[in-house]
Structures are given as C-alpha cells and as structure tokens.
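The lines below spell out each chain.
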Amino acid sequence: MRASIHVDARHPGVTISKNLYGHFSEHLGRCVYGGLFVGKDSPIPNVNGMRTDVVEALKKLQVPVLRWPGGCFADEYHWRDGIGPQENRKRMVNTNWGGVVEDNSFGTHEFLELCRQIGCEPYINANVGSGTVREMAEWVEYLNSAGDSTVAQERWANGHREPFHVRFWGVGNESWGCGGNMKPDFYANLYKQYQTFCRTYGEDRLYRIACGPSGDDTSWTETLMKEAGQFADAISMHYYTIATGEWSNKGQATVFDQAVYDSTLKNAARIGEIMDAHLAVMDRYDPKHRVGLIIDEWGTWYDVEPGTNPGFLYQQNTMRDAMVAALTLNIFNAHADRLVMANIAQMVNVLQAVVLTDGDRMLLTPTYHVFDLFRPHMDAQLLDSAVFADTMAASGLKQISASASVKDGAVTVTAANLSAEAPAEVLLSVEGCEGKAVSGRILAGDPHAFNDFDTPDAVCVADFTDLRQTERGLCLTLPPCSVAALTFRD
Ligand code: AHR
C-alpha cells in the first residue's frame, strides 16, 4: 500500500499541552503497592519507599502529571487515614478492588513525594461520594495553606513546613457510577457546593475539574455545562477501549484474532468522535472555550491475566496496545485546542500500563515505548498534517495515523501503520523543512508481541535508518503494526 503524509511546518498552531501525556495511579491491585511504592524497609531498592527502577523509567518518560488516588477508590478515600505516623494509620477494606486490606501506608505525603521524585505535577481527585465538604476543604487547607491554622500545623507536624502548592483538583470520580450513582442535575448541584469550598491559599488557586460523562453520554455533559459549567475550569470524561465491544467478554490481552485486532482499533478511534460530541455540547454553553476537556482515564481494558485476582485488573500489553496508544495520542494532538489533559489508565500493573513489575523485576511495555516516541510533542506547537492512505475495510480506519508538531525549531512527525499485515510505502513531505536533517526511531512487531520478565526487551525502539530523501519528500517503509517518530532539525 502506498500512502503519503503532508505536513505544513510554516504555520505553527496551538500548543499541545504536555499534560495530554499524563498518567493515572489508583489504589488498585499492584499499581501503588508493589508497583510504585514498596516502603522504606523493602529489599527492593527504593528512595523513601518509592521503587528506584520504576521512578527512573518514569523520569525518562518525562511524565507531566499524575492523577491519584482514584478512580472509584477516590470516593471511598478519607485523606486523614493516610497521614501521620505509619503505625496509627487506619486499615480499611478496598471494597472496589479485590477486597484487600488497604493499610494507608501510601497517603498524601507519599503521593507528593512520588510526584517530586518523578518530576511531575500532582492531580488529586477528592471524595464526593462518601466524604463531606469539610473533609475536602480541610484537605485543600492541609495541602496549600501557608498560615498557622491548626490544619496547616498538622502538616508541619508531619514533616512538611512548606505548602505543597497542589493545583489540579478533581471533585468526585464517575459520580454517575461508582462515585455515587447520581443523576446529572444532582451532581451539578453537589459540584457547585463542593467547588465553593475549594479555597485559594496564597497564589494557589485550584484548577477545578468537574466529573464529566461516561463515554458518549452527552446528556450528562449538557446538564453539567448548563448548571455548573461556569464554576469549572474543566470537565473530565473517561473512555476505555473494549476490544470486543462487550464488557462481559472483553477478551484477553495476548490472545486475539484478526477480527478482534480490527475491532480494538475501531473502538479505540471512537474516542475522537466522542470528544467531538462532548465538545459540541460544551461549545453551546461556553462559546469562548474557557472550560477545558480532560480525559482522565483512557486505555485498553481486557479480561485479567489468567490466575490473577479479578479485582486487580492486571493485563499484559502487546503491540496491539502500542497501536491503540499511537492512534489515541495522534487523535489527542489533533484536539490540542480543547483537550487540556489526558491520563492513561493506569501507570503500573493495572490496565494499559506503561510499566509492569514482578517482585523486584520490572519491564517497559510497548505502550511505554509509544509514549517515549511521542515525547517531543509535549508543549510543542501543532502543525497541520494530512494523511492520504487507503481505508482498511474491517475497521473503516485509514491505514496510517499521524500527527506533527514543532518545538525549538525541530519538527516531529509520529506515524503509525495500523495494519496487522500490510507494510506501507509512505512519502512524507514537510513544507518549511527543506534542508533540515532527519532522524527516525521506530517500534515494530507482530500485534501479539509483548515483553515478559524473561525477555523484557523483546519489543523495543530501534533507530529507523531506512529513510530515502527524494525530490518529492522522504520515502520510508512502515512495517505492519509499527509506529515511528521522525524528527527534522537543522
Ligand atoms: O481504572 C479503573 C476504574 O475504571 C476506575 O477506578 C474507575 O474510575 C473506572 O471505572
């Protein structure tokens, strides 16, 4: 198949917020415990309890923002249970996720220490479903107040004299479901009440994020925008790719046929249409686009790996997931004018994770490598790009997905060949980049290929050197199921 990609580098557009490359970590399965945090006394190398190997890998990815503590867990989380001396912390049952005992050894200070080590900004999701306005308001005060109120003094006593300066603040999670099974007008009223008490301390005005819709439920967005849009900085939505389209039979992460591969990508691509539908509703109430859209949970969701706790949502991650990630991130870039943040679910050991761990072992998934290839897009300016490629009959998608940006004079084009079988001969022309040198990196493999703990580098990024410069542009062959990043610089 022959395809072409045309990029116009002469007129840089909006900035692609680095926060579109954000992550999500929940007290779920082995995401926090074992994946990110092992405790100071663990034989696994750590700094203040955070796994050194995992933190180093995440630092390389330049993770910009991390959402915590949930997810459904957020609406059962009481922050005071997770501060102060470890021996006094409350033990609770994590009723959402596997019924395991949560000992609260990872709490507010540990989360902020993790963010400090990774170098990312925290995004805290507050409890509306089973909390109170006062509880939430005091959490904000505890985090951000520089005064000497009793609540701020508690923070000093726990070893942090300076405020934490937290900015991103979610008010409830999936309030239409696990966060309280609310109707949109009920939530809109509650949101207005809660956000009133999201106080500003010093310069730390909170960026208030209202709980938005599930998938394509535009009626939730309609009510929320109408009743409470003026009180929000952004609304969040969630979208998961279910390979088969059936929640009751999601299929396995590593075992799938061609038809399921095709439906996975087709379902993944729906995120673009769904965003557009919500944005159209938001536009009616907010024509000046003051309110941003956030997708603070996205990714593939399969049946758990055989033999693992069904409540832990542990799944492997193949080149199929890499294709979902590349397709999704290209779609996010194209929506950079309205999308202000996105958070893949989840960071480690849960759903479409970028890192998997097993005891003291760690591996990087194909999805990690896609985030690595897309790194240059963070805080770069979007460039107009057009893809001319055949449509794949089974999924209705173009065989090639691409986006382009420019930062500090360097133009980056990310292009994925979504076909599981057919290579693509691509002609890439970039107007305004004449005379620049080009370099490339590529991730390619069988759709079923994955990294395991014995062969952690079975799928990894390689230099992409087979680039032929012609008068019409750059000629390259994208193997089936591959994603490349090409950079043009002086
Ligand atoms: O990411 C797993 C769960 O999916 C989250 O806890 C919840 O918000 C969503 O339903």
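Residues numbered from 1 in each chain as written. Predicted model: local features only at pLDDT ≥ 70, side-chain atom pairs only at ≥ 80, totals over all residues. Heavy atoms only, no water.

A.B. asks: Explain the site of the ligand here, please?
C.D. replies: Taken together, 14 residues form the shell around the ligand, and within it Glu 26, Cys 72, Glu 174, Tyr 240 and Glu 297 come nearest. Between the ligand and Cys 72, the relevant distance is 2.8 Å, taken from an oxygen atom to a main-chain nitrogen or oxygen of the residue. With the chains in place, 94% of the 280 Å² that the ligand exposes on its own is no longer accessible. (Near = heavy atom within 4 Å. Polar contact = N/O pair within 3.5 Å; in protein donor to acceptor, adjacent residues only side chain to side chain. Areas by Shrake-Rupley, 256 points an atom, 1.4 Å probe, with all protein chains shown as cover.)

A.B. asks: Would you mind going over the domain arrangement of the protein with me for this structure?
C.D. replies: Frequently, the measure chosen for interface size is the accessible area that the parts lose on association. By the assigned domains, the protein splits into domain 1 (17-379) and domain 2 (383-489). Here the C-alpha centre of domain 2 lies 29 Å away from the C-alpha centre of domain 1. Counting from both sides, the interface comprises 38 residues of domain 1 and, opposite them, 38 residues of domain 2. Buried area between domain 1 and domain 2, both sides added, is near 3,000 Å², and the carbon and sulfur share of it is 66%. In terms of surface lost to domain 2, no three residues of domain 1 exceed Met 319, Leu 373 and His 377, which account for 23% of the buried area on that side. Counting across the interface, domain 1 meets domain 2 through 2 salt bridges. Salt-bridge contacts for Arg 361 lead to Asp 454; the nearest nitrogen and oxygen are separated by 3.4 Å. Applying the counting criterion to the domain 1 and domain 2 interface returns 18 residue pairs in polar contact (both at pLDDT 80 or more). In terms of residue count, the dominant contributor to the side of domain 1 that touches domain 2 is helix H8 (residues 319-334) (8 residues). Residue composition of the side of domain 1 that touches domain 2, grouped by class: 20 nonpolar, 11 polar and 7 charged. (Domains from an automatic or database assignment. Contact = heavy atoms within 4.5 Å. Buried area = accessible area lost by both parts, 1.4 Å probe. Salt bridge = Lys/Arg side-chain N within 4 Å of Asp/Glu carboxyl O. Helix = DSSP H or I, 4+ residues; strand = E, 2+ residues; numbered from the N terminus. Nonpolar A, V, L, I, M, F, W, Y, C, P; charged D, E, K, R; others polar.)

A.B. asks: Help me understand the pattern of salt bridges, please; the structure alone is not making it clear to me.
C.D. replies: A side chain of one charge can pair with a side chain of the opposite charge if their charged atoms are brought near each other. The tally for this structure, following the rule as stated, stands at 26 salt bridges. A salt bridge links Glu 138 to Arg 134, with the nearest nitrogen and oxygen atoms 3.2 Å apart. A residue pair is termed a helical-turn pair when its members lie 3 or 4 positions apart in one helix, as Glu 138 and Arg 134 do in helix H3 (residues 133-144) at 4 residues. On the basis of relative accessible area, Glu 138 is assigned to the buried category, the value being 17%. (Buried < 20%, exposed > 50% of the residue type's maximum accessible area, 1.4 Å probe, protein only.)

A.B. asks: I keep staring at the packing of aromatic side chains and nothing clicks. Help me out?
C.D. replies: What describes a pair of aromatic rings is the distance from one ring centre to the other and the angle between the planes of the rings. Evaluation of the coordinates by the stated rule reveals 20 aromatic pairs. Between the aromatic rings of Trp 79 and Tyr 142, the centroid separation amounts to 5.0 Å while the plane-to-plane angle is 50°, which identifies the pairing as tilted. Of this pair, Trp 79 sits in the loop between strand S5 (65-68) and strand S6 (92-94) while Tyr 142 sits in helix H3, placing them 63 residues apart in sequence. Of the residues examined, Trp 79 reaches a relative accessible area of 1% and is grouped as buried. Pairing Trp 298 with Phe 332 gives two aromatic rings, centres 5.4 Å apart and planes at 85°, and the pair type is edge-to-face. Of this pair, Trp 298 sits in strand S12 (residues 292-300) while Phe 332 is found in helix H8, placing the two residues 34 residues apart along the sequence. Comparing Trp 298 with Phe 332 shows no difference in burial state: the two are buried. The rings of Tyr 33, Phe 37, Trp 68, Phe 73, Tyr 77, Trp 79, Phe 106, Phe 111, Trp 139, Tyr 142 and Trp 169 are connected pair by pair, giving a single aromatic cluster. For Arg 30, the ring lying beneath its charged end belongs to Tyr 314, and the centroid distance is 5.0 Å. (Phe/Tyr/Trp six-rings, centres within 6.5 Å; stacked < 30°, edge-to-face > 60°. Lys NZ or Arg CZ within 6 Å of the ring centre and 35° of its normal.)

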